[in-house]
Amino acid sequence: MIRAWLLPDIVSPEQRSRMMSGIRGKDTKPEMVLRRGLHALGFRFRLHDRKLPGTPDLVFPKYHAVILVHGCFWHGHDCHLFRLPGSRTEFWRTKIDRNRAVDVRTELALHDAGWRVGTVWECAMRGKGRLSMENILEVCSVWLKSDASELEIRGQ
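Per an unreviewed UniProt entry, the protein is named DNA mismatch endonuclease vsr, and its organism is Novacetimonas hansenii ATCC 23769. The record held by UniProt for the protein lists under Sequence similarities (unreviewed entry) the comment "Belongs to the Vsr family."

A. Seen up close, the state of the cysteines. Within the structure shown, the criterion is met by zero disulfides. Take Cys72: it sits in no disulfide, and the sulfur closest to it among the cysteines is that of Cys79, at 3.5 Å. The class of Cys72 is buried, set by a relative accessible area of 0%. Given a relative accessible area of 18%, Cys79 falls into the buried group.

B. Seen up close, helix H4 (residues 133-145). Its 13 residues give H4 an end-to-end C-alpha distance of 18 Å, which sits within 8% of 18 Å, the value for a rise of 1.5 Å per residue. Those residues of H4 that fall on the buried side of the exposure criterion are Ile136, Leu137, Cys140, Ser141, Trp143 and Leu144. Looking down the long axis of H4, one finds its buried residues gathered within 165° of arc, a one-sided arrangement. Turned more than 90 degrees off the buried face of H4, the exposed positions are Glu134 and Lys145. Looking at the buried residues of H4, the elements they touch are helix H2 (29-40), strand S2 (58-60), strand S3 (65-70), strand S4 (116-121) and strand S5 (150-153).

The rules behind each value
- Residues numbered from 1 in each chain as written.
- Predicted model: local features only at pLDDT ≥ 70, side-chain atom pairs only at ≥ 80, totals over all residues.
- Heavy atoms only, no water.
- UniProt positions renumbered as here; feature names shortened; annotations may be inferred.
- Disulfide = S-S within 2.5 Å.
- Buried < 20%, exposed > 50% of the residue type's maximum accessible area, 1.4 Å probe, protein only.
- Helix = DSSP H or I, 4+ residues; strand = E, 2+ residues; numbered from the N terminus.
- Expected span 1.5 Å × (residues − 1).
- Arc of directions from axis to C-beta.
- Contact = heavy atoms within 4.5 Å.

Take a look at the structure:
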């Protein structure tokens with residue numbers, strides 16, 4: 001049996017770098033679906049406000065709230081969508097640990113600046129534990145209109 005991690009990469013490092021740089025950091029499919037749904041419910045927001053810590057995905061100035069849409073792999077979520085790659089494990093572990101640390105610092109900085117922080121995980125929108133979009137939008141809507149300081153929506 002040939003182990004996949006023993007085989008050389010079939011593309012050059014330059015081509016692999018180009019491929020990886022094409023992975024979106026904003027305007028992802030889960031983010032776009034959430035944006036469309038909240039907009040249809042009448043919520044108005046700014047996108048990726050660079051003046052705020054971590055450049056939140058959705059900023060709701062009227063409600064003094066932000067929503068971060070996190071991909072389960074890139075943010076190391078403890079769900080069925082995250083699995084540490086078998087090759088270059090230390091590289092990926094370091095990268096994902098760094099992403100998690102940045103997430104914690106970002107949330108603390110947003111709270112310190114007086115913002116309420118909501119997080120919607122990718123697994124809430126896709127995969128075997130996904131929730132209905134109506135449910136996700138309802139939970140976001142109720143939270144935005146409330147005084148609760150935090151929200152986390154994850155798959156079941």
